[in-house]
Amino acid sequence: MTTMLLTNGIIVTVDDAMTVHWPGYVAAKNGVITEIGEGDPPAHSGDVIDLDGDILMPGMVNTHCHLAMALFRGLGDDEPDRLKRYIFPLEKRFVSPEMVYVGSLLAGLELAEGGVTTVADMYYFEAQAGRALETLGLRGVVGQTIVDFAAPDAPTTDDGFAQFERLAADFRDHPTITASIAPHAPYTTGLDILRRVDAASRSADLPVQIHVSEMDYEADWVRDHCGGSPVDLLDQSGLLRPGVIAAHCLWVDDRDITNLARGGVAVAHNAGANVKGGRGIAPVLDMVAAGVTVGLGSDGPMSGNTIDLFAQMSQVAKLQKLRARDRTVMPAIDVVRLATIGGAKALGLDDRIGSLEPGKRADIVRISRSAARLHPLHDPYAALVYAALPSDVSDVMVDGRFIVREGRITAIDRASLLAEADAYADRMRRAL
Ligand SMILES: [Zn+2]
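Because the structure is predicted, anything quoted here is derived from the model rather than measured.

### What to know about the overall build of the chain
Inference 1: A count of helical and extended segments in the chain gives 14 helices and 17 strands.
Inference 2: For 432 residues, the compact-globule estimate of 2.2 N^0.38 gives 22 Å, and the chain sits close to it at 21 Å.
Inference 3: Dimensions of the chain along its principal axes, counting C-alpha atoms only, are 65 × 45 × 40 Å.
Inference 4: Taking all 432 residues of the chain together, the buried fraction comes to 60%.
Inference 5: Computing the positive centroid from 40 side-chain charges and the negative centroid from 58, the chain places the two 2 Å apart.

Following this line, the structure appears as structure tokens:
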């Protein structure tokens, strides 16, 4: 039996009342939070850690990523029509099980050391992504990509579905990794494939991840091929329902937003990647007001370049303020909620993670206050959203186990991984 007490910190719980215990403590036993409170803790027999005024927050949840693309980071950043002219050909040539494992380890390292404890990923050879997250001690939802053309891990769409069945079997009853099916987008699948995705995910009782309303040509494609909007297409295919995570949703109108809320579809909001692509700013305020579950994502490291959520949180707040021309909207407290419990709800994991409360898994991040930018500290939410950087993360726990200590990953030798990833990327660049 392992017991642990973290005391003398600023405890940002993200419970329903958004309670902050300042100073406060958190106790955990066997990976589960047992007690949390204000002031001095009760007598304790296990390990005691003095937080010395640092901030504790729930592990953050990145609801949309393509981990392995970390090895492509920085390639063709400013190219036009990059998805079809650049990314798809690059993937066809270089994506392999080894590439996905190494790239996912690299991305996972960045996530863990940046305070993200759970990530939803969609890519190819996803069993390798699951293994990489497992190696690092991260929690994850790994999604087998389905497209209507030959993919790196599936010559045909049928092969993609078969890969999903294998992935589901590989991670059945896994404590921290959940398999998922990930139709790439409406314009790379279409109604018939999406109906098959719906049936496969219902029969496996596993989540669906899909890009929705991201591209400028997408609405026209859906109208011409299926009728209606991309959200209508979800409805026609059976995917307007809980267990579906729609990334982006940039050009959804009021009717679409009402339908997303009514159906229980969750939205992964990728602020940084959306503006870097020159695409737009998602109507997140309207979605939240309508009752849509929203979590934050980074998109892949080729789209947003960094995948921690500190880089996202500040942009989420500022872009919504800019969009509304109103500094009062999307306050920091709401952004922290989206980055933690919002993401947990989006992935259907909020019974286990997303807040610091007794009974939840001990997925906890300690933010060191050694940096000048975190002094003074009038408002912990403002500090986390507008000032903190991933380098301020000192310790990270998943299930009460330290996966990061004093800013460094514990499971692997980080210097060798960085060297291996660089060497892998060099070989790819030389072959280009
Ligand atoms: Zn994406």
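### Details of the layout of surface pockets
Inference 1: Reported here for the largest pocket is a volume of approximately 670 Å³.
Inference 2: As for the largest pocket, its lining consists of 32 residues, of which R82, L83, I87, M215 and R279 are closest to the centre.
Inference 3: For the lining of the largest pocket, the per-class residue count stands at 13 nonpolar, eight polar and 11 charged.
Inference 4: The volume enclosed by the second largest pocket comes to roughly 550 Å³.
Inference 5: If you trace the second largest pocket, you find 32 residues lining it, with T178, D205, L206, P207 and L347 closest to the centre.
Inference 6: Of all the secondary structure elements, the ones that give two or more residues to the lining of the second largest pocket are β8 (139–146), β9 (177–183), α5 (191–204), β11 (244–248) and α12 (332–346).
Inference 7: Grouping the amino acids of the lining of the second largest pocket by side-chain chemistry returns 16 nonpolar, eight polar and eight charged.

### Digging into the pairing of strand β3 (residues 32–38)
Inference 1: As judged from the six bridges shared by strand β2 (residues 20–29) and β3, these two strands associate in the antiparallel manner. Bridge pairing links G24 to E38 in β3.
Inference 2: Taken together, β2 and the strand that follows it, β3, pair antiparallel across an intervening segment of two residues, in which N30 is found at a positive phi of about 50°.

### Some details on the nonpolar core
Inference 1: By size, the foremost hydrophobic cluster in this structure holds 122 residues, and its most contacted members are F72, M99, Y123, L260, M313 and I367.
Inference 2: A total of nine residues in this core trace back to one element, the largest contributor, which is helix α2 (residues 97–113).
Inference 3: Shared between two domains, this core holds at least three residues of each, these being domain 1 (3–58 + 358–408) and domain 2 (62–346).
Inference 4: Setting aside residues no more than four positions away along its own chain, M313 makes contact with M60, L296, V335, V336, A339, L384 and V385.
Inference 5: In this structure, A28, A362, M397 and F402 belong to the second largest nonpolar core, which totals 15 residues.

### Details of the coordination of the zinc ion
Inference 1: For the zinc ion, the full set of protein donor atoms is H64 (NE2), H66 (NE2), H211 (NE2) and D299 (OD), and the range of their distances to it is 2.1 to 2.2 Å.
Inference 2: In this structure, the zinc ion is surrounded by four donor atoms whose angles at the metal cover 86 to 168°, and the resulting shape is irregular.
Inference 3: Look at where the donors of the zinc ion fall in the sequence and you get H-x1-H-x144-H-x87-D. A residue pair is termed long-range when its members are at least 10 positions apart, and H66 in the loop between β6 (60–65) and α1 (82–94) and D299 in the loop between β13 (294–296) and α11 (310–324) qualify at 233 residues.
Inference 4: Taking relative accessible area as the criterion, H66 reaches 8% and is therefore assigned buried.

### Re the domain arrangement of the chain
Inference 1: The domains assigned to the chain are domain 1 (3–58 + 358–408) and domain 2 (62–346).
Inference 2: Contact residues are listed per partner, giving 26 residues for domain 1 and 26 residues for domain 2.
Inference 3: Interface area, domain 1 with domain 2, both sides summed: about 2100 Å², of which 70% is carbon and sulfur.
Inference 4: Ranking the residues of domain 1 by area buried against domain 2 places V385, Y386 and P390 at the top, with a combined share of 26%.
Inference 5: At the surface where domain 1 touches domain 2, the tally comes to two salt bridges.
Inference 6: Among the salt bridges present, the one from D363 reaches R139, with a minimum N-O distance of 2.8 Å.
Inference 7: Across the domain 1-domain 2 interface, the total number found is two residue pairs in polar contact (both at pLDDT 80 or more).
Inference 8: Sorting the residues of the side of domain 1 that touches domain 2 by element identifies β5 (55–58), β14 (364–367), α13 (380–387), β15 (393–398) and β16 (401–405) as the ones contributing at least two each.
Inference 9: Broken down by element, the side of domain 1 that touches domain 2 gets its largest block of residues, five residues, from α13.
Inference 10: A breakdown of the residues in the side of domain 1 that touches domain 2 according to their chemical character gives 20 nonpolar, one polar and five charged.

### Quick look at the pattern of salt bridges
Inference 1: One pass over the structure, following the stated rule, counts 22 salt bridges.
Inference 2: A salt bridge links D351 to R352; the shortest N-O distance between them is 3.8 Å.
Inference 3: Notably, a salt bridge pairs R429 with D426, separated by 2.7 Å at the nearest N-O pair. In this pair, R429 and D426 are both assigned in helix α14 (residues 414–431), three residues apart and thus about one turn of the helix distant.
Inference 4: One network of salt bridges, in which partners are shared, links R139, R361, D363 and D399.

### Overview of α13
Inference 1: Taken together, the buried positions of α13 are occupied by P380, Y381, A383, L384 and V385.
Inference 2: Elements in contact with the buried residues of α13: β1 (3–12), β2, β5, α11, α12 and β14.
Inference 3: N-cap assignment for α13: the residue whose side-chain oxygen lies 2.8 Å from the backbone N of Y381 is D379.

### Quick look at the pairing of β9
Inference 1: Most of β9 is tucked away, with six of its seven residues classed as buried.
Inference 2: After leaving β8, the chain enters helix α4 (residues 157–170) and then returns to the sheet as β9, a path that is right-handed.

### With respect to unusual backbone geometry
Inference 1: A cis amide bond, omega -5°, links W22 with the succeeding residue P23.
Inference 2: Structurally, the position occupied by P23 is in strand β2.
Inference 3: Following H375, the chain continues into P376 via a peptide bond in cis, with omega recorded as -15°.
Inference 4: Along the polypeptide, P376 turns up in the loop between β14 and α13.

Analysis parameters
All chains use their own residue numbering, which begins from 1 and follows the written sequence. With pLDDT at 70 or above as the cut-off, local features in this predicted model cover only qualifying residues; side-chain atom pairs require 80 or more to be listed or tallied, and sums for whole chains, interfaces and linings still use all residues. As a rule here, side-chain values come from all non-hydrogen atoms in the structure, and water together with hydrogens is ignored. Strands here are runs of E lasting at least two residues and helices are runs of H or I lasting at least four, both read from the DSSP assignment and numbered beginning at the N terminus. Values of the radius of gyration come from C-alpha atoms, whereas the globule rule sets the reference at 2.2 Å times the count of residues to the power 0.38. Only protein chains enter the calculation, and the probe is 1.4 Å; a residue is then buried if its accessible area is under 20% of its type maximum, exposed if over 50%, and partly exposed in between. This count recognises Lys and Arg as positive and Asp and Glu as negative, with His and chain-terminal groups excluded. For charged residues, the charge sits on one atom: NZ in Lys, CZ in Arg, CG in Asp, CD in Glu. A 1.4 Å probe that fits into a set of points on a 1 Å grid over the protein atoms alone but cannot get out defines a cavity; an open set with protein on both sides within 12 Å along at least five of seven lines defines a pocket, and lining residues are those with an atom within 4 Å of a point. Grid points are joined across faces, edges and corners, and a volume is the space filled by probe spheres set on the points. Ten residue types, Ala, Val, Leu, Ile, Met, Phe, Trp, Tyr, Cys and Pro, are classed as nonpolar, four, Asp, Glu, Lys and Arg, as charged, and the remainder, Gly among them, as polar. By this definition, two strands are paired if DSSP reports at least two bridges between them. Nonpolar cores were defined as sets of buried Ala, Val, Leu, Ile, Met, Phe, Trp, Tyr and Cys residues, with membership established by side-chain atoms within 4.5 Å. Source of the domain bounds: an automatic or database domain assignment. Every residue pair with non-hydrogen atoms within 4.5 Å of one another is taken to be in contact. Note that water is not among the atoms considered, so a metal site may appear incomplete; the donors listed are N, O and S atoms within 2.8 Å of the metal, with 3.2 Å applied to Na, K and Ca. For a four-donor site, all angles between 85 and 135 degrees give tetrahedral; for four or six donors, opposite pairs above 155 degrees with the remaining angles between 65 and 115 give square planar or octahedral; all remaining cases count as irregular. Once two parts are joined, some of their accessible surface, as seen by a 1.4 Å probe, is lost; buried area is that loss totalled over both. Criterion for a salt bridge: a side-chain nitrogen of Lys or Arg within 4 Å of a carboxyl oxygen of Asp or Glu. Within 3.5 Å is the distance limit for a polar contact, defined as a pair of N or O atoms, with the added protein rule that one can donate a hydrogen and the other accept it, and that residues adjacent in sequence qualify only through two side-chain atoms. By convention, a crossover is right-handed whenever its connection, traced from the first strand over the helix to the second and viewed with the strands pointing away, goes clockwise.

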